[in-house]
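Inside the fold
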Amino acid sequence: MSWDPAQKPDLAWQLAGGLPRGTSDSEQEVGEGAVLLQDEPRIRIVLSHNAETSKRQVSKIYRTPLALTWRDLFRYPQAQREFENLQYAYGKGLSVAEPLGFGLRRIPGRDWYSQLTTGYLNGTTLRDLLATRTDGREGLVSGAGRLVAAMHRAGMVWGTAHSGNFMVDEDDDGSLSAFDAPYALCTGKDMTGSRFALYDVWNMAVDFRTQCKLDESLVQLFFEAYGEGVGTDPSALHSQVSARRGRKSVFWERLYIRTVRSFRLRPF
């Protein structure tokens, strides 16, 4: 089969269910089709080749059960939000997964579907690398700080900033790219110093400490790289983040980015 990133997502869902299971390391030759990376009741993820470029691509197909379609009446579909966010970031020259296609299928009385297709990011997640490598960690952490800083300068708050959403390409001098951005806040203006930008930084610091188990010297490197990128004193930034303890301290930022911004009709 030829996997079309622009095909109807309801058809894509059916086709994906019949694909052989595989992993992101699956060796595929052009024309051999696609593999199903993830199969859950509401999302299927497919790895395939782009027929025009012969490059690998990833398609995420979302299914909203009929009983829950009422929740999406006034919300942008997650696939559409992420596609538009990646388009914004890609257009700003940020290192993110390339957006390739988006599809939406909403028929009254049936399940609803949406689909996002992006370019495949080669490599390993930052979280996995930090868990297995003892050398080069400083460069990886600093690279993450620089990328988040570049986002904020370009007017984008990630919203889901954590080490599991960076891909590190060790074949390309360890370059970092971001993916998974359905809740990004794209404003068109420099977000440096805003409470929403601080939310991203807070998320990264918490993730490095709790999920990656990094010592404080490495976390400080992240602050320094980010601070240099946005022209902010890293010590002051560190103090601001440390002053916020627990998810309750960022409740309103999280609510606004993840919930309010997803609605077509926004209360403010």
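Residues numbered from 1 in each chain as written. Predicted model: local features only at pLDDT ≥ 70, side-chain atom pairs only at ≥ 80, totals over all residues. Heavy atoms only, no water.

Re the packing of helix H6 (residues 216-230) against helix H7 (residues 234-242)
Let me state the cut-off plainly: In this analysis an axis means a line fitted to C-alpha atoms, helices contributing only their contacting stretch, and an angle means the value between N-to-C directions, from 0 to 180 degrees. Numbering goes from the N terminus for both helices and strands, where a helix is a DSSP run of H or I of at least four residues and a strand is a run of E of at least two. It is the rotation of the near helix from the far one that decides the hand of a crossing: anticlockwise by less than a right angle makes it left-handed, clockwise makes it right-handed. Any two residues having at least one pair of non-hydrogen atoms within 4.5 Å are treated as being in contact. Only Asp, Glu, Lys and Arg are considered charged in this grouping, and only Ala, Val, Leu, Ile, Met, Phe, Trp, Tyr, Cys and Pro are considered nonpolar; every other residue, Gly among them, is considered polar.
Direction vectors running N to C along H6 and H7 enclose 115 degrees, while the axes themselves pass 9 Å from each other. Considering the relative orientation of H6 and H7, their crossing is right-handed. On H7, the residues that touch Glu216, Gln220, Phe223, Glu224 and Tyr226 of H6 are Pro234, Leu237, His238 and Val241. Looking at the contact of H6 with H7 residue by residue, the classes come out as 5 nonpolar, 2 polar and 2 charged.

Details of the side chain of threonine 125
Along the chain, the position of threonine 125 falls in strand S6 (residues 124-125). The residues touching threonine 125, leaving out its near neighbours within four places in the chain, are Ser163, Gly164, Phe166, Met167 and Phe179.

Considering the environment of alanine 51
What counts, and what does not: In this scheme, a residue with accessible area under 20% of its type's maximum is buried, one over 50% is exposed, and one in between is partly exposed, where area comes from a 1.4 Å probe on protein chains only.
Its location among the elements puts alanine 51 in the loop between strand S2 (43-49) and strand S3 (56-64). We classify alanine 51 as exposed; its relative accessible area is 58%. Between the C-alpha atom of alanine 51 and that of leucine 15, which follows or precedes it by 36 residues, the distance is 17 Å.

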